[in-house]
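Residue strings, one per chain:
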Amino acid sequence: MANHLFDRLFERGRADAPVLITDARTFAYAELERETARWANALVTLDVRPGDRIAAQVEKSAANLILYLATIRAGAVFLPLNPAYTANEMAHFIADAEPALVVCDPAARKALATVAGAARIEILNGAGKGSLADLAAAASDRFETVAREPADLAAICYTSGTTGRSKGAMLAHGNLVSNAQTLGELWRFTARDVLIHALPIYHVHGLFVASNVLLMAGGSMIFQARFDAGDVLSAMSRATSLMGVPTFYTRLLEHPGLTREATAGMRLFICGSAPLLAHTHQAFEQRTDHVILERYGMTETGMNTSNPYDGERIAGTVGLPLPGVCVRVRDAETGEAAPGEIGMVEVKGPNVFAGYWRDPENTAETFRPDGFFVTGDLGVIDARGYLSIVGRGKDLIISGGLNVYPKEIELELDALPGVVESAVIGLPHADLGEAVTAVVAVGDKTELSEQGILDALAPRLARFKQPRRVIFVAELPRNAMGKVQKAYLRGQHQGLYS
Ligand code: MLC
Ligand code: AMP
C-alpha cells in the first residue's frame with residue numbers, strides 16, 4: 001500500500017462518486033483529484049519546493065481543502081491557521097515557521113503584509129484577478145505527486161505552549177496515514193458514509209480526523225462553513241455521521257429540531273476535543289436513541305483513545321487505546337499508576353508526532369526516555385481498561401473546543417498600564433464548556449475598567465482568547481511557595497456564568 005498521504009486519501013474513492021458537497025458545488029473524486037493537480041501546479045509556478053511550508057489563514061471553503069491536498073501532493077508542508085488570529089499573533093507563526101507562502105483571504109492581505117517578512121503572500125480566492133484560484137484555473141490538471149517517505153513532514157500545527165508562545169507540532173505523512181486508517185476502520189467508515197463536516201479545518205479535528213478519515217474511506221462530506229445547529233439538522237436526512245466538539249452537542253440539544261426522527265438515518269455521532277459532560281451524553285441518548293462515541297486526542301498525537309464502535313460507550317470516559325497505540329497513566333513518584341489511580345497520561349505509537357518545529361528543548365522535555373509522549377492530561381484507567389480524563393496537569397483552558405493558554409493572555413494583561421499582575425482561569429460555561437476569565441490585580445490609582453481592559457486586548461488577541469469577564473482584586477491569592485492559587489480562584493468564581 002502507498003505511503004504517501006495524498007495517494008492514500010485518493011485510493012478508495014470511486015472516480016465518479018461524490019466527495020465534497022458544498023452549497024455551490026459537488027465534487028466527485030476525479031474532479032477533486034484534478035483540482036488538486038491544478039493547484040499543485042500553481043504552487044510550483046510560485047516556486048514552492050518540497051519541504052517548504054505553506055501557511056493558510058483562510059475561511060473554510062472547498063478551495064481551502066484543495067489547497068491542503070495540493071500542498072501535500074506537491075511535497076510541501078501545510079500550516080493551517082485560525083482566520084481569527086490577529087496580525088500580532090500571525091507575526092509569531094510566520095517568523096517561527098518561515099513559510100515560503102502565506103495564503104490569506106482578500107481582507108487580511110494588508111495587515112498580513114506588515115508581519116510577513118520575506119514570505120510571499122497570495123490571496124486564496126476572489127478579489128479580482130491574480131488569486132491562487134485564478135492561477136490554478138489556468139494550470140494543467142495533471143501533476144505527478146512528489147514522492148515522500150513516512151517520516152517526511154506533511155503538516156505543522158501550532159499548539160500553544162506553557163511558555164505562552166505557540167509551538168509547531170511536526171506531523172509526518174506516517175503519523176497522519178496511520179491515524180486516519182486506524183480511525184476509519186474502528187469507526188467503520190466506508191464509501192457509503194456521508195459526514196456532516198461543520199468543524200473548522202485549521203485544527204486536527206476537522207482536517208485530519210474528519211477530512212482524512214472520510215477521504216481515505218472513499219466517503220463524502222457535506223461541507224458547512226461553520227457550525228449552525230439548524231443547518232446540521234437539515235443535513236441529517238442526507239448524512240450518516242457527525243463529528244463535533246461538545247458545544248455542537250449542547251447546541252443541538254437546545255434545538256427543538258433534534259428528535260428521533262431527525263436522526264433516524266444517522267449511524268454515528270462522534271465527539272472530542274474537550275470533555276463531554278456525562279449529562280450531555282445521557283440527554284442526547286434520551287432524545288435520539290443515539291449513544292455519542294467520545295474519543296480523545298491532541299494536536300501532537302492525533303487520536304489516542306476511543307470508545308468502542310460495538311462495545312459499551314461509557315459516558316465520562318474516552319474509551320480504550322486505539323489499535324497500535326500504547327496509553328499509560330504514570331504516577332510521578334511510583335511510576336505506573338494502578339487501575340483506578342490518577343496520573344499523567346502518556347502515549348506512544350505511530351500517531352505520535354516528530355517533535356516541535358526547531359525546538360529541541362521543548363521536544364526533549366515532553367518525551368520520556370522510553371519514547372512515551374507526556375500529554376499534560378491527568379487520567380485514570382479503570383479495571384476494564386477505559387481511560388477517563390480527570391483534569392489537566394497543563395494550565396490550559398478549552399473554550400468551545402479551542403485551546404487557550406492562560407500564560408499568553410496573562411502576558412498581554414500584565415503589559416497594560418495599571419495592571420500589577422493577572423491570573424487567567426477557565427470557569428464553567430454552559431455553551432463553551434469553559435469561559436476564559438481574567439482575574440486582575442490593579443494598583444491603587446488605576447482607572448482601569450473591565451471594558452477598558454477588553455478594548456485593549458481586542459486588537460492583540462483572537463476573539464476566542466479574549467476574556468468573557470474581568471474580575472478585579474486587590475491581590476492574587478498565593479500559596480506558601482508564592483504560586484498563584486488558580487484552583488482557589490476557580491472555586492471562588494465557579495458560578496460566574498450560571
Ligand atoms: C467563536 N467565538 C468563540 C469561540 N468560537 N469564543 C470562545 N470560544 C470559542 N470556541 C467567538 C466568536 O468570534 C464570537 O465573537 C463569539 O465568540 C460568539 O460566537 P458564536 O457565534 O457563538 O461562535 P461560533 O462561530 O458559533 O463558534 C463556536 C463553535 C466554534 C464552538 C461552533 O468555536 C467551533 O467550531 N469550535 C470547534 C473548534 C475545534 O475544531 N476544535 C478542535 C481542536 S483540535 P463575538 O465578537 O461575536 O462575541 C483538538 C484535538 C482533538 O482539540 O482532540 O480534537
Ligand atoms: P489540542 O492541543 O488543541 O490538540 O487539544 C488537545 C487537548 O484537548 C488534550 O490534551 C485534552 O486536554 C483535550 N481533549 C481532547 N479530547 C478530549 C476529550 N474527549 N475529553 C477531555 N479532554 C479532551
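The model shown is predicted, which means the values in this text are computed figures rather than measured ones.

Enquirer: Before we go on, may I ask you to explain the nonpolar core in this structure?
Expert: It is characteristic of soluble globular proteins that their nonpolar side chains tend to be buried jointly. Grouped together as the largest cluster of nonpolar side chains are 112 residues, with contacts concentrated most on Trp39, Tyr68, Met243 and Leu252. Here this core takes 10 residues from helix α8 (residues 204–217), the largest share from any one element. Residue contacts for Met243: discarding those within four places in its chain leaves Trp187, Phe189, Leu195, Ile196, Leu199, His205, Val209, Ala210, Leu214, Phe248, Tyr249 and Ile270. Listed in part, the 41 residues of the second largest apolar core include Tyr85, Trp357, Ile397 and Leu457.

Enquirer: Could you clarify how one ought to interpret the site of ligand 1 in this entry?
Expert: If you check the shell around ligand 1, you find 24 residues, and the closest are Arg251, Ser273, Arg295, Ser399 and Arg468. For ligand 1, an oxygen atom lies 2.9 Å from a polar atom in the side chain of Arg226. At 2.7 Å from an oxygen atom of ligand 1 is found a side-chain nitrogen or oxygen belonging to Arg295. The protein chains hide 74% of the 1000 Å² of surface that ligand 1 would expose on its own. Counting only elements with at least two residues in the shell around ligand 1, the list comes to α8, α10 (246–254) and β13 (293–298). A per-class count over the shell around ligand 1 returns 11 nonpolar, 8 polar and 5 charged.

Enquirer: Just checking my understanding: could you explain the pattern of salt bridges for this structure?
Expert: Close approach of charged atoms allows side chains of opposite charge to pair. Here the structure, examined in full by the defined rule, presents 28 salt bridges. Linking Asp47 and Arg49 is a salt bridge whose minimum nitrogen-to-oxygen distance equals 3.7 Å. Between Glu408 and Lys465 there is a salt bridge, and its shortest N-O distance comes to 3.0 Å. With Glu408 in helix α13 (residues 406–414) and Lys465 in the loop between α14 (450–457) and β25 (469–473), this pair connects stretches of sequence that are 57 residues apart. Judged by its relative accessible area of 11%, Glu408 falls in the buried class. Several salt bridges share partner residues, and in doing so they unite Arg34, Glu35, Arg38 and Asp141 into one network.

Enquirer: Explain the site of ligand 2 to me, please; I cannot follow it from the model alone.
Expert: Near ligand 2 you find 16 residues, and of these Arg295, Thr299, Asp377, Lys394 and Asn403 are the closest. Within the backbone of Thr299, an N or O atom sits 2.6 Å from an oxygen atom of ligand 2. Between Lys394 and ligand 2, the recorded distance is 2.6 Å, taken from a side-chain N or O atom to an oxygen atom. Burial of ligand 2 by the surrounding chains reaches 93%, relative to a free accessible area of 500 Å². If you tally residues by element for the shell around ligand 2, the top one is β13, at 5 residues. Partitioned by chemical class, the residues of the shell around ligand 2 number 6 nonpolar, 5 polar and 5 charged.

What counts, and where the lines are drawn
Residues numbered from 1 in each chain as written. Chains lettered and ligands numbered in written order. Predicted model: local features only at pLDDT ≥ 70, side-chain atom pairs only at ≥ 80, totals over all residues. Heavy atoms only, no water. Core = buried A, V, L, I, M, F, W, Y, C linked by side-chain atoms within 4.5 Å. Buried < 20%, exposed > 50% of the residue type's maximum accessible area, 1.4 Å probe, protein only. Helix = DSSP H or I, 4+ residues; strand = E, 2+ residues; numbered from the N terminus. Contact = heavy atoms within 4.5 Å. Near = heavy atom within 4 Å. Polar contact = N/O pair within 3.5 Å; in protein donor to acceptor, adjacent residues only side chain to side chain. Areas by Shrake-Rupley, 256 points an atom, 1.4 Å probe, with all protein chains shown as cover. Nonpolar A, V, L, I, M, F, W, Y, C, P; charged D, E, K, R; others polar. Salt bridge = Lys/Arg side-chain N within 4 Å of Asp/Glu carboxyl O.

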